[in-house]
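Coordinate inspection notes
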Amino acid sequence: MFAMIMTILCSTMLSVFMRMSEGKARGKMTILSANYLTCILLASCFTGVSDLFPAAKEGFPITLILGIITGVFYMLALVFNQKSITKNGVVLSSVFAKVGSLLVPIVVALCFYGASPSWYQGIGAVLAVFSIILICDNGKKDAASSIGLLVILLLVEGMASAMGKIFDADGAKALSDQYLFYTFGTALIISALAAIVKKEKPGLPEIIYGVLIGVANFFASRFMLQALNEIQEVIFYPTRGVMVILLITLAGVFLFREKLQKKQWIAMAAILVSVALLNM
């Protein structure tokens, strides 16, 4: 349970730092590059530089492959999120991204890893999806939706989240820090190339926020792998998803003076009910 709590807190801080960087740091790809560089440096501290590529250890090839695939999904999720926000607006994009990160890992666990939720956990998962949709609906009208792009976003964001479960089941758990190093290293290469193509110039705000985001990002991922080793996927993913949204929403209210509509307060109550059902 400690690992899940820390995953939720670190994931919340990740979003809070990203929200704080808005208007203060302009180079998005530079921020991401600093974030991923921080992540691989932290991963190196936990593995030791001499043990980053332990080719002789059992499970190294699959760990390397899964890490690279995860890193690609991380960047694809970002790219399609940005494209969807431009095309469909932030509300629809946020709903599909968050629902994808909740549903796809559960579907993967059910179809390929024999997960078997109870009926009340199933109700809790459905309620969690409903809560996400309700709390992301701020009443603003976005651009006309492009359903194909939204579906791709849902799937890519979902697979980026589901890769943790796939590694937990098929990777070498003893190489979890190496897996994170390969994941963030792949994402660093892609984001750095994108920053160069966009001719972004790194400044102090981009570096500071990149480091803060990177620390939260790394530990959110590290604690997630620990939590998946202890908690069923059908409990972990919905609980993490709705609790992070709840805490981010509260942070928006108390830190950034954002106002909630009545239906969003109702959604927050529904989140608490869904978490209770999921953990029964």
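Data block above holds the structure.
Residues numbered from 1 in each chain as written. Predicted model: local features only at pLDDT ≥ 70, side-chain atom pairs only at ≥ 80, totals over all residues. Heavy atoms only, no water.

If you look at the biggest cluster of nonpolar residues, it comprises 73 residues, and the most contacted ones within it are Y36, Y179, F184, F218, F236 and I271. It is helix α9 (residues 233-254) that contributes the most residues to this core, 9 residues altogether. For F236, the contacting residues outside a window of four places in its chain are M4, T7, M224, A227, L228 and I231. Formed by 7 residues, the second largest nonpolar core is a distinct cluster that contains L14, I31, Y209 and A216. (Core = buried A, V, L, I, M, F, W, Y, C linked by side-chain atoms within 4.5 Å. Buried < 20%, exposed > 50% of the residue type's maximum accessible area, 1.4 Å probe, protein only. Helix = DSSP H or I, 4+ residues; strand = E, 2+ residues; numbered from the N terminus. Contact = heavy atoms within 4.5 Å.)

On to unusual backbone geometry, then. Here the phi dihedral of K199 falls at roughly 60°; this positive angle occurs in a residue that is not glycine. With respect to the helices and strands, K199 occurs in the loop between α7 (176-197) and α8 (204-228). A residue is classified by how much of its surface remains accessible, and K199, at 73% relative accessible area, is exposed.

So, on to helix α10 (residues 262-278). Along its 17 residues, α10 runs 25 Å from first to last C-alpha, staying within 8% of the 24 Å computed at 1.5 Å per residue. Listed as buried for α10 are Q264, A267, M268, A270, I271, S274, V275, L277 and L278. (Expected span 1.5 Å × (residues − 1).)

Turning to the packing of helix α2 (residues 28-47) against α7, a few remarks are in order. Running from N to C, α2 and α7 point in directions that differ by 155°, and their axes come no closer than 8 Å. Viewed along their axes, α2 and α7 adopt a mutual orientation that is roughly antiparallel. α2 and α7 meet at a crossing whose hand is left-handed. Two secondary-structure elements touch here, α2 through M29, T30, L32, S33, Y36, L37, C39, I40, A43, S44, F46 and T47 and α7 through D177, Q178, F181, F184, G185, A187, L188, S191, A192, A194 and A195. Looking at the contact of α2 with α7 residue by residue, the class counts come to 15 nonpolar, 7 polar and 1 charged. (Axes fitted to C-alpha atoms, helices over the stretch in contact; angles between N-to-C directions. Parallel < 35°, antiparallel > 145°, perpendicular 65-115°, else oblique. Left-handed = near helix turned anticlockwise from the far one by under 90°. Nonpolar A, V, L, I, M, F, W, Y, C, P; charged D, E, K, R; others polar.)

Quick look at the packing of aromatic side chains now. Two descriptors summarise a pair of aromatic rings, namely the distance from one centre to the other and the angle between the planes of the rings. On inspection of all chains with the given rule, the structure shows 13 aromatic pairs. The interplanar angle of 85° and the centroid separation of 6.0 Å between the aromatic rings of F2 and F223 together place this pair among those described as edge-to-face. Pair noted here: F2 is in helix α1 (residues 2-21) and F223 is in helix α8, with a separation of 221 residues, a long-range link. Note on F223: relative accessible area 14%, which makes it buried. Centroid distance F46 to F218: 5.6 Å. Interplanar angle 25°. Geometry classified as stacked. With F46 in helix α2 and F218 in helix α8, this residue pair connects regions lying 172 residues apart in the sequence. Owing to a relative accessible area of 39%, F46 belongs among the partly exposed residues under this scheme. (Phe/Tyr/Trp six-rings, centres within 6.5 Å; stacked < 30°, edge-to-face > 60°.)

A separate point is the pattern of salt bridges. Under the counting rule described, the total for this entry stands at 4 salt bridges. Ionic pairing is found between K165 and E233, a salt bridge with its closest N-O pair at 2.6 Å. Taken together, the positions of K165 in helix α6 (residues 147-170) and E233 in helix α9 put the pair 68 residues apart, joining distant regions of the chain. Overall, K165 belongs to the buried group, its relative accessible area being 7%. Its relative accessible area of 10% is what places E233 among the buried residues. (Salt bridge = Lys/Arg side-chain N within 4 Å of Asp/Glu carboxyl O.)

This brings us to a nonpolar patch on the surface. A cluster of nonpolar side chains, namely I68, V72, L76, I189, I190, L193 and I196, defines an oily patch on the protein surface of about 600 Å² accessible area. Those elements giving two or more residues to the nonpolar patch turn out to be α3 (60-88) and α7. Here the element with the most residues in the nonpolar patch is α7; it accounts for 4 residues. Structurally, I68 is set in helix α3. (Patch = residues over 30% accessible without salt bridge, like charges linked within 9 Å, V, L, I, M, F, W, Y side chains within 5 Å. Areas by Shrake-Rupley, 256 points an atom, 1.4 Å probe, with all protein chains shown as cover.)

As a further point, take the environment of Q226. Relative to the helices and strands, Q226 is located in helix α8. It is 9.3 Å that separates the C-alpha atoms of Q226 and K173, two residues lying 53 residues apart in sequence.

A few words now on the packing of α7 against α8. Orientation of α7 relative to α8, taken along the N-to-C sense of each, is 140°, at an axis distance of 11 Å. In terms of their interaxial angle, α7 and α8 are classed as oblique. As α7 packs across α8, the resulting crossing turns out to be right-handed. On the side of α7, the interface is formed by S176, D177, Y179, L180 and F184, while α8 contributes N217, F218, S221, R222 and L225. In terms of residue class, the contact of α7 with α8 is built from 5 nonpolar, 3 polar and 2 charged.

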